[in-house]
Amino acid sequence: MGQRTILEVMQGATVTPPPIWVMRQAGRYLPEYRETRARAKNFLDFCYTPDLAVEATLQPIRRYGFDAAILFSDILVIPDALDRDVSFVQGEGPRMRPLEGDEIEKLDSSHVLDHLAPVFETVRRLRVALPDETALLGFCGAPWTVATYMIAGHGTPDQAPSRLMLYREPAQLEKLLDILAEASARYLIAQIDAGADAVKIFDSWAGVLDRVAFERCSVAPVRKIIETVKRERPGTPVIAFPKGAGWQYRDYREKTGADMIALDWTVPLDVAAQLQKEGPVQGNLDPLRVVAGRAAIKEGVDRILDTLAGGPFVFNLGHGITPQADPDDMAYLVDCVRGKA
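Reading the values: the criteria
- All chains use their own residue numbering, which begins from 1 and follows the written sequence.
- Owing to the predicted nature of the model, reporting of local features is limited to residues with pLDDT of at least 70; listing and counting of side-chain atom pairs is limited to 80 or more, with chain, interface and lining totals taken over all residues.
- Hydrogen atoms and water are omitted, and side-chain values are computed over all heavy atoms in the structure.
- Pairs were defined over the aromatic rings of Phe, Tyr and Trp, the Trp ring being its six-membered one, requiring ring centres within 6.5 Å. Orientation was assigned from the angle between planes: stacked under 30 degrees, edge-to-face over 60, tilted for the rest.
- In this text, helices come from DSSP runs of H or I with a minimum length of four residues, and strands from runs of E with a minimum of two, each type numbered from the N-terminal end.
- Buried means the residue's accessible area, taken with a 1.4 Å probe over protein chains only, is under 20% of the maximum for its type, while exposed means over 50%, and partly exposed covers the values in between.
- The rule for a charge over a ring is simple: NZ of Lys or CZ of Arg within 6 Å of the ring centre, and within 35 degrees of the ring normal.
- The contact criterion used throughout is that any non-hydrogen atoms of two residues lie within 4.5 Å.
- At least two bridges found by DSSP between two strands are what make those strands a pair.
- A fitted line through C-alpha atoms represents every axis, and for helices the fit uses only the stretch in contact; the resulting angles, taken between N-to-C directions, go from 0 to 180 degrees.
- Here a helix's expected span is defined as the number of its residues, less one, multiplied by 1.5 Å.
- Any N or O atom pair separated by 3.5 Å or less is treated as a polar contact, with the protein-specific requirement of one donor-capable and one acceptor-capable atom, and with residues adjacent in sequence counted only for side-chain atom pairs.
- This arc is built from the directions going out from the helix axis to the C-beta atoms.
- Viewed with both strands pointing away, a crossover whose connecting path from the first strand over the helix to the second turns clockwise is right-handed.

### Some points on the packing of aromatic side chains
And then number 1: Counting across every chain of the model gives 12 aromatic pairs.
And then number 2: Measuring from ring centre to ring centre gives 6.3 Å for Phe202 and Phe241, while their planes differ by 85°; the resulting arrangement is edge-to-face. Within this pair, whereas Phe202 is found in strand 5 (residues 198–203), its partner Phe241 is found in strand 6 (residues 238–242), the two being separated by 39 residues in sequence. As far as the burial class goes, Phe202 and Phe241 line up, both buried.
And then number 3: One aromatic cluster is present, formed by Tyr33, Phe43, Phe46, Phe72 and Phe88 through successive ring pairs.
And then number 4: One Lys or Arg, Lys200, reaches over the ring of Phe241 and ends 4.9 Å from the middle of that ring.

Structural data, given as structure tokens:
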């Protein structure tokens with residue numbers, strides 16, 4: 001097997017130059033992705049068609065030689081597998097029938113893995129197709145973030161419907177988070193068994209929670225997932241990304257058991273350096289720097305490397321790359337990280 005440097009970093013090693021991959025690296029900013037997307041009937045069909053999902057995952061690896069590929073899929077395949085009639089509306093995002101509190105007990109997770117079999121086939125094919133030195137990352141959405149879409153039926157600016165359920169029907173919300181944590185852990189384990197080297201948990205809406213809610217809705221379910229993964233597949237590294245967590249990043253790693261924490265772009269670099277003393281970190285360039293052009297990219301990359309490259313670190317953006325990014329500027333970013341620009 002080739003040297004998969006991201007796995008070394010997740011075990012605490014310092015690698016120079018640091019390995020790099022970026023969130024949403026398979027996406028609409030790439031013309032080849034848009035061509036592949038046009039071949040699918042809809043977005044879920046894209047995710048569930050291994051030929052297409054493998055191709056989308058490989059495209060940024062071919063173009064940029066990133067040190068990791070991340071499975072092309074979506075966090076909402078779990079509610080889709082729970083029969084929540086998920087769809088994606090062009091220009092508007094995901095839609096599903098809002099979940100009421102009294103419906104939570106009726107959710108049936110017994111067939112989740114069968115429903116998601118095409119995803120595992122994609123992972124198996126990817127491990128064969130990828131270069132030996134390229135790590136393969138699986139992923140899931142964190143229970144809180146997935147729950148916010150299930151409860152509201154769509155994305156909202158502040159996840160008010162889910163926060164209201166937390167305050168009005170806390171037992172029901174906790175039941176939903178438990179169901180999602182169990183299903184998500186099984187989903188990640190199946191990805192590992194299919195060939196994923198490591199897995200990542202995306203909690204994109206962790207930042208809307210106050211301290212008490214953060215502990216109950218973000219930390220506790222992620223800890224349950226990681227405990228299950230570590231118990232059943234010991235040695236598999238787990239990355240966790242509580243976007244917007246702010247100062248609550250401070251003890252998140254200890255409380256959840258994550259091997260590496262991904263930092264959003266609002267985390268100050270002096271804080272990132274303190275977090276790095278406790279273990280590997282990933283991040284955290286503002287994605288809009290890639291849109292802004294090469295001067296902004298160079299300044300941001302240099303600042304991050306000056307602060308974090310001397311410890312266990314994986315370079316990434318602080319959230320997903322945007323469709324407005326120029327693919328050539330992403331190539332420049334990769335060269336900056338690797339000392340070629």
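### Quick word on the side chain of Thr322
And then number 1: The residue Thr322 is located in the loop between strand 9 (313–317) and helix 16 (327–337) in this model.
And then number 2: Non-local contacts of Thr322, meaning those with residues more than four positions away in its chain, are made with Tyr29, Pro287 and Val291.

### Some remarks on the sheet that holds strand 5
And then number 1: As summarised here, the arrangement of the seven strands in space is 1-4-5-6-7-8-9, forming an open sheet in which the pairing is parallel. Each edge of the open sheet carries a strand with a single partner, namely strand 1 (68–70) and strand 9. The mean angle between the axes of side-by-side strands here comes to 25°, regardless of whether they run parallel or antiparallel.
And then number 2: Here strand 5 pairs with strand 6 via five bridges, running parallel. Its bridge partner being in strand 6, Lys200 is matched across the sheet by Ile239.

### Description of helix 10 (residues 170–194)
And then number 1: Between the first and last C-alpha of helix 10 there are 36 Å, a value that for 25 residues agrees with the 36 Å anticipated at 1.5 Å per step.
And then number 2: Looking one or two residues past helix 10, Gly195 carries a phi angle of roughly 135°, positive in sign.

### Digging into the environment of Asp193
And then number 1: Its place among the elements puts Asp193 in helix 10.
And then number 2: Residues Asp193 and Ile78 lie 115 residues apart in sequence; the distance between their C-alpha atoms is 18 Å.
And then number 3: A distance of 2.6 Å separates the side chain of Asp193 from the side chain of Arg233, its partner in a polar contact.

### Quick look at helix 7 (residues 117–129)
And then number 1: Compared with the 18 Å implied by 1.5 Å per residue over 13 residues, the 19 Å span of helix 7 between its first and last C-alpha is a close match.
And then number 2: Of the residues making up helix 7, those classed as buried are Val119, Phe120, Thr122, Val123, Leu126 and Arg127. Projected down its long axis, helix 7 carries its buried residues within an arc of 150°, all on one side.
And then number 3: Buried residues along helix 7 sit against helix 3 (43–48), helix 4 (50–64), helix 6 (112–115), strand 4 (135–141) and helix 10.

### Quick look at unusual backbone geometry
And then number 1: Omega for the peptide link from Thr16 to Pro17 comes to -10°, which places this bond in the cis form.
And then number 2: Within the secondary structure, Pro17 sits in the loop between helix 1 (5–10) and helix 2 (31–37).
And then number 3: A cis amide bond, omega -20°, links Gly283 with the succeeding residue Asn284.
And then number 4: Within the secondary structure, Asn284 is located in strand 8 (residues 281–285).
And then number 5: Even without a glycine there, the phi angle at Arg24 is positive, about 60°.
And then number 6: Along the chain, the position of Arg24 falls in the loop between helix 1 and helix 2.
And then number 7: A positive phi is found at Asp83, a non-glycine position, where the angle reads about 65°.
And then number 8: By the element assignment, Asp83 lies in the loop between helix 5 (77–81) and strand 2 (87–89).

### Topic: the pairing of strand 8
And then number 1: Counting buried positions along strand 8 gives five out of five residues, so the element sits mostly inside the fold.
And then number 2: Relative to strand 8, strand 7 (residues 260–262) runs parallel, the two sharing two bridges. Within the sheet, the bridge partner assigned to Ala262 lies in strand 8 and is Gln282.
And then number 3: With helix 13 (residues 269–276) bridging strand 7 and its parallel neighbour strand 8, the resulting β-α-β unit is right-handed.
And then number 4: Pairing between strand 8 and strand 9: five bridges, direction parallel. Along strand 9, the bridge assignment pairs Val281 with Phe313.

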